[in-house]
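# Residue-level structural notes
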Amino acid sequence: MNEKIHKDTATVHTGYDSNSHHGSLAVPLYQTSTFAFDTAEQGARRFAGEEEGGIYSRLGNPTVQVLEERMTTLENGAASLAFGSGMAAVSAILTHLTKTGDHIICSRGIYGCTFGLLGIMEEKYSITHTLTSMGTEEEIEAAVTPETVCIYIESPINPTMELADLRAVAEVARRHQLKIVVDNTFASPYLQNPIDFGADFVLHSATKYINGHGDVIAGLLIGKDKEEMDRIRGSVQKDYGGIMSPFDAWLLIRGLKTLSVRMQRHTENATRFTDYLKTQDMVEAVFYPFDENNPQVEIAKKQMTAGGGLVSFTIKGGQPAAQAFMNHLYLIKIAVSLGDAETLIQHPATMTHSGVPAEDREKMGISDGLLRLSAGLEHVDDLIKDLNQAFLKVAKEQHTLSN
Ligand SMILES: *Cc1c(COP(=O)(O)O)cnc(C)c1O
């Protein structure tokens, strides 16, 4: 059967037939490093690529393969590769696409370690990059050089929730024959499918929404060209070796089953946070893709089906107020990472973006009063109660100080 199914169904069924696995309803965990061949000739055929089947788990594993097939369907791609971390996926695709002397255009906000990797590539291989806003074709076009080979973006961008206009990126890439890579971690495949907008590769830190339970570090890369993905599997992935373990794939298969219901609740809670935060005197600004006051809301609605689970806001009083606010929370946990069942809060200026020089942080819109919330799955009334009592305590402290 090749009936087109909804994402909510694909997360549960794609890539697995229980009839081929003793009827096991759950996908079995093939916790093995290697595979025994029936005969010497069979081993030779597998190595020659003439026969499907296992060789060694760094080259492929049946449990990992189910996850890869599910992700291919969810991202409307042609093939997927599973990695040991989001950063292993980032480094694999950038290594695949570039050689010494090349140039990369990046969204002006990117994950801190991706920024670190670009530094290594520049130092070791003279691969340079330009960070730019991805809001209009003109801005992107201005960054293109004769050495440019790819455009690497995140959208929404961490932690300011600024958006890259995927259509504008695709237009410029088409004109200059550049490959497009999108880190889709923040949206998840449930809310945004960059391949539909012209991206060549999509990657995820599966640590976040794909797993959703805060107990795995993993990465995924999805591509729209099967042959090219096979080449990456047989070169950069195999030889650099940053693969996913079968057990982590098994946990991700389990987490992924609830992606659709989780994303709905994350979005509902984040929307309620946004509405609530906008009523608070202590809040200077709120950043959420689907907020009607967001100047980029039209872009958001064209490329995302909902706003997702992340909201950022600036609190009046800078870093002291931000830290006091976090310390007064009793339910919401102070932690980096995102997409977990627990609502998390972090302070980018001293945590995820503390490595970025202050003036660059300023340019990226990361003020000392900025806080990022990852809406969890709890009852939203309990969470808002927590936020509210923390605001009251900070307000009281500020009042005492000023008297
Ligand atoms: C967490 C994260 C990464 C890195 O993923 P790891 O699984 O921690 O290696 C990359 N991009 C984004 C947007 C992330 O949030």
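Residues numbered from 1 in each chain as written. Predicted model: local features only at pLDDT ≥ 70, side-chain atom pairs only at ≥ 80, totals over all residues. Heavy atoms only, no water.

### Digging into the overall build of the protein
This is how the line gets drawn: Put simply, DSSP H or I for four residues or longer makes a helix, DSSP E for two residues or longer makes a strand, and each gets a number counted from the N terminus. Just to be clear, the radius of gyration here is over C-alpha atoms, and the globule rule we use is 2.2 Å times residues to the power 0.38. For the area figures, the Shrake-Rupley method with a 1.4 Å probe applies, and any residue is considered shielded solely by the protein chains shown. Positive: Lys, Arg. Negative: Asp, Glu. His and the chain ends are not part of the count. Note that the charge is assigned to NZ on lysines, CZ on arginines, CG on aspartates and CD on glutamates.
Looking only at helices and strands, the protein features 15 helices and twelve strands. In terms of C-alpha radius of gyration, the protein reaches 22 Å, essentially the compact-globule figure of 22 Å for 403 residues. Principal-axis analysis of the C-alpha atoms places the extent of the protein at approximately 85 × 55 × 35 Å. Of the roughly 18,200 Å² that the protein leaves accessible, carbon and sulfur atoms contribute 52%. For the protein, the distance from the average site of its 35 positive side-chain charges to the average site of its 51 negative ones is 3 Å.

### Things to note about the packing of helix α11 (residues 259-278) against helix α15 (residues 380-402)
Just so we agree on the cut-off: Angles here are taken between N-to-C directions and fall from 0 to 180 degrees, while the axes themselves are lines fitted to C-alpha atoms, restricted in helices to the stretch in contact. Oblique is the label for any angle not under 35 degrees, not over 145, and not in the 65 to 115 range, which are roughly parallel, roughly antiparallel and roughly perpendicular in turn. Should the near helix be turned anticlockwise from the far one by less than a right angle, the crossing is termed left-handed; should it be turned clockwise, right-handed. We call two residues in contact whenever any of their non-hydrogen atoms come within 4.5 Å of each other.
Contact geometry for α11 and α15: axes closest at 10 Å, N-to-C directions at 30°. Classified by the angle their axes make, α11 and α15 are roughly parallel. For the element pair α11 and α15, the recorded crossing hand is right-handed. Note on element contacts: α15 touches α11 through V380, D381, L383, I384, L387, N388 and F391, opposite N269, R272, F273, Y276 and L277.

### Thoughts on the side chain of Q237
Test applied: Summary of the burial criterion: residues with accessible area below 20% of their type's maximum are buried, those above 50% are exposed, and those between are partly exposed, where the area comes from a 1.4 Å probe applied to protein chains only.
Inspection of the secondary structure assignment puts Q237 in helix α9 (residues 226-240). A residue is classified by how much of its surface remains accessible, and Q237, at 3% relative accessible area, is buried. Discounting chain neighbours no more than four positions away, the residues touching Q237 are L81, A82, F83, I232, G242 and I243.

### Quick notes on the environment of M263
Mapped onto the secondary structure, M263 falls in helix α11. Given a relative accessible area of 1%, M263 falls into the buried group. Separated by 72 residues in sequence, M263 and L191 place their C-alpha atoms 8.0 Å apart. Here M263 is in contact with A187, S188, Y190, L191 and Y209, once residues within four sequence places are set aside.

### Side note on helix α7 (residues 166-176)
Within an α-helix, residues lying three or four positions from one another point in the same direction, as the helix has 3.6 residues per turn. For clarity, the cut-off: The term polar contact refers here to a pair of N or O atoms within 3.5 Å; inside protein, the definition further demands a hydrogen-donor-capable atom paired with an acceptor-capable atom, and it admits residues adjacent in sequence only when both atoms are side-chain atoms.
For α7, every residue scored as buried is listed here: L166, A168, V169, A170, V172 and A173. The inward-facing, buried residues of α7 abut α6 (137-141), β4 (148-154), β5 (179-183) and α12 (297-303). Of the residues that open α7, the one with a side-chain oxygen 3.1 Å from the backbone nitrogen of R167 is D165. Positive backbone phi, approximately 50°, marks Q177, located one or two places after α7.

### Overview of unusual backbone geometry
Here the bond from S155 into P156 is cis, since omega is -5°, no more than 30 degrees from zero. Here P156 lies in the loop between β4 and α7. A cis geometry characterises the amide bond from N158 onward to P159, with omega recorded as -5°. In this model, H22 sits at a positive phi of 55°, which is unusual for a non-glycine residue. Along the chain, H22 falls in the loop between α1 (7-13) and α2 (40-48). Phi angles above zero are rare outside glycine, and M161 is one such case at about 65°. Mapped onto the elements of the fold, M161 is located in the loop between β4 and α7. Take M161: its relative accessible area is 4%, and that puts it in the buried class.

The values reported here are purely geometric and, on their own, carry no functional implication.
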